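In case you want the letters, here they are:
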Amino acid sequence: MKTEDYRRKMLDLLDDAAYRILPRDPTESITKRTIEFIKKSNIPEDISRNLRPPAPAPPRMYGLPKIHKDGIPLRPIVSAIGSPTYNLARHLRGILAPHVGNCGHHVKNSADFVKILEGIYLNPSDIMISLDVESLFTRVPLHETLSLLEKKFDANTVKLFHHALTSTYFTFDNCYYEQKDGVAMGSPLSPAIANFFMEDFEEHALNSAPLRQKYFYRYVDDTFVIWSHGVDTLKPFLDHMNSRHPSIQFTMESEKEGRLPFLDILVQRKEDGSLSHKVYRKSTHTDLYLNARSHHHPAQRSAVLSSLLHRAKVISDQQSLPAELGHLKKTFRGNANMEPSKCSTYSPSGIEKHISAILSLQPAELVTTQREIYLLVVAHAVG
């Protein structure tokens, strides 16, 4: 993408009513208010001293191209690391965590969703659909979310939440902007707040629906639904969900030929009513990863390979796992682009060693962090 095209698309995004331009850099004033709120809170001194911004910098907005969509629109991301409220947001995320994910609709991650699928059986008339909230983070209603927080936390803590959630400013192209509502994509607090609001929203929306769904599972803004009332009632159900709040609007996708993608999983119905699952890749996926000729440390190349193999084992069922492993073998041989002897990680023997290490892991060892995956693979490969 050319620089002028990128800049134009970013400015088009910022022309949305969700943002307003600021006359000056508010970093200094927000830093002062952040320190004042922390001092007035009941947070212990040994914790609060680490929440104060040492050398704050304004958050920075950039756009990630959505190459799978027509026109290649940009997804706005705000990098808040080092900003006045970043450390405070991380702390608030921690104290909010126990109050999120306790409902029966919550999906932790892809591995958790795979476990859920193993307990689902469909009737021939059941329909798989997915719901996607349009621009959830910038549409989370802060006033209502803060009202919900008041039911869980004391007044001083709610003030900290209010400050962290309303100090959503950023810089782009030497200008400063404020996000008028919603939460910023990039803040460590945003996913937890979005989940917190959506759990309350869906409880009221589903309980008031004329027809009840058979299954309903949500990961942040993506929802997997099994609908048992026929195709004709799907549109009224979508209209009901979209009528509950003006800021929360859903789009719907129905299964095609018995298949439906959700997160990075392709779900497919089987003749006995159970659901198969395998790794899903968009049609625009290129299979380009860290090339063997790059000057990265070999451990980083190993981490890329082991992470994708780990995903293959976690997501793929027994029928689709061999094909997924074969796909990864071909992919990394293509990313080697050099003599196998010069890149042991992407050589046939190196790939096989990683596959053996991953397949030997027990279910309890199938962890989710990349560093833990890498360390376990190394331990099995060496041992």
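Reading the values: the criteria
Residues numbered from 1 in each chain as written. Predicted model: local features only at pLDDT ≥ 70, side-chain atom pairs only at ≥ 80, totals over all residues. Heavy atoms only, no water. Helix = DSSP H or I, 4+ residues; strand = E, 2+ residues; numbered from the N terminus. Rg over C-alpha atoms; globule rule 2.2 N^0.38 Å. Buried < 20%, exposed > 50% of the residue type's maximum accessible area, 1.4 Å probe, protein only. Contact = heavy atoms within 4.5 Å. Areas by Shrake-Rupley, 256 points an atom, 1.4 Å probe, with all protein chains shown as cover. Lys, Arg positive; Asp, Glu negative; His and termini not counted. Charge placed at Lys NZ, Arg CZ, Asp CG, Glu CD. Axes fitted to C-alpha atoms, helices over the stretch in contact; angles between N-to-C directions. Parallel < 35°, antiparallel > 145°, perpendicular 65-115°, else oblique. Nonpolar A, V, L, I, M, F, W, Y, C, P; charged D, E, K, R; others polar. pLDDT = per-residue confidence, 0-100. Pairing = 2+ DSSP bridges. Phe/Tyr/Trp six-rings, centres within 6.5 Å; stacked < 30°, edge-to-face > 60°. Left-handed = near helix turned anticlockwise from the far one by under 90°. Polar contact = N/O pair within 3.5 Å; in protein donor to acceptor, adjacent residues only side chain to side chain.

### A short note on the overall build of the protein chain
- Within the protein chain, the secondary structure is distributed over 14 helices and twelve strands.
- Relative to the compact-globule value of 21 Å for 383 residues, the protein chain shows a C-alpha radius of gyration of 23 Å, a close match.
- Projecting the C-alpha coordinates of the protein chain onto the three principal axes gives extents of approximately 60 × 55 × 45 Å.
- The proportion of buried residues among the 383 residues of the protein chain is 45%.
- Long-range pairs, those at least 24 residues apart, make up 71% of the contacts in the protein chain with a sequence separation of at least 6.
- Carbon and sulfur atoms provide 51% of the accessible area of the protein chain, an area that totals close to 20,000 Å².
- Charge separation in the protein chain, taken as the distance between the mean sites of 47 positive and 43 negative side-chain charges, equals 5 Å.

### Remarks on the packing of helix α7 (residues 142-150) against helix α9 (residues 190-207)
- One way to put it is that α7 packs onto α9 with a least axis distance of 10 Å and a crossing angle of 85 degrees. In terms of axis orientation, α7 runs roughly perpendicular to α9. For the pair α7 and α9, the contacting residues are E144, T145, L148 and L149 in the first and I193, F196, F197 and D200 in the second.
- Within the contact of α7 with α9, the residues separate by chemical class into five nonpolar, one polar and two charged.

### With respect to the confidence of the model for the protein chain
- For the protein chain, the mean per-residue pLDDT works out to 89, and 92% of the residues sit at or above 70.
- Every residue in residues 368-383 scores below 50 in pLDDT, and together they form 28 contacts with partners more than four places removed in sequence or on other chains.

### Focus: the sheet that holds strand β12 (residues 275-279)
- Pairing within the open sheet is antiparallel, and its three strands lie in the order β10-β11-β12. In this open sheet, the two strands that pair with only one neighbour each are β10 (259-262) and β12. Averaged over neighbouring strand pairs, the angle between their axes works out to 25 degrees when direction is ignored.
- As judged from the four bridges shared by β10 and strand β11 (residues 265-269), these two strands associate in the antiparallel manner. Bridge pairing in β11 places L260 opposite V267.
- Running over the sheet, helix α11 (residues 298-315) touches β11 and β12 and is turned about 175 degrees from β12.

### Quick look at unusual backbone geometry
- Located in the positive-phi region is I72, a residue other than glycine, with phi close to 50 degrees.
- Note that I72 resides in the loop between β2 (60-65) and β3 (74-79).
- Residue classification places I72 among the partly exposed residues on the basis of a relative accessible area of 34%.
- Not every positive phi belongs to a glycine, and D287 is a case in point at roughly 65 degrees.

### Side note on the packing of aromatic side chains
- The final tally for this structure, using the stated rule, is 13 aromatic pairs.
- Pairing Y19 with F170 gives two aromatic rings, centres 5.6 Å apart and planes at 85 degrees, and the pair type is edge-to-face. One end of the pair, Y19, is in strand β1 (residues 19-22); the other, F170, is in strand β5 (residues 169-172), with 151 residues separating them in the sequence.
- For F170, a relative accessible area of 1% gives the class buried.
- Ring pairing ties together the aromatic residues Y19, F170 and Y177, which thus form one cluster.

### Let's talk about the packing of helix α12 (residues 321-336) against helix α13 (residues 348-359)
- Taken N-terminus to C-terminus, the directions of α12 and α13 make an angle of 145 degrees; their axes are 11 Å apart at the nearest point. When the axes of α12 and α13 are compared, the crossing they make is right-handed. Note on element contacts: α13 touches α12 through I351, E352, I355 and L359, opposite L321, L325, K329, F332 and R333.
- Classifying every residue of the contact of α12 with α13 gives six nonpolar, no polar and three charged.

### Some thoughts on the sheet that holds strand β8 (residues 222-227)
- Strand order in the open sheet formed by four strands is β7-β8-β4-β9, with antiparallel pairing between adjacent strands. Only two strands of the sheet have a single neighbouring strand rather than two, namely β7 (215-219) and β9 (250-254). With strand direction ignored, the average angle separating the axes of adjacent strands in the sheet is 20 degrees.
- Bridge count between strand β4 (residues 127-133) and β8: six bridges; the pairing is antiparallel. By the bridge assignment for β8, S130 is matched with F224.
- Strands β4, β7 and β9 of the sheet are contacted by α9, whose axis makes an angle of about 160 degrees with β7.
- Packed on one face of the sheet, helix α10 (residues 234-242) meets β4, β7, β8 and β9 and runs near 155 degrees to β9.

### Remarks on the environment of S167
- For S167, the location among the structural elements is in the loop between α8 (155-166) and β5.
- Since its relative accessible area comes to 9%, S167 is described here as buried.
- Considered as a pair, S167 and A303 are 136 residues apart in the sequence and their alpha carbons are 36 Å apart.
- Leave out the neighbours within four places in its chain, and S167 touches I30, R33 and T85.
- In this structure the side chain of S167 is engaged in a polar contact, spanning 2.7 Å, whose partner is the backbone oxygen of H163.

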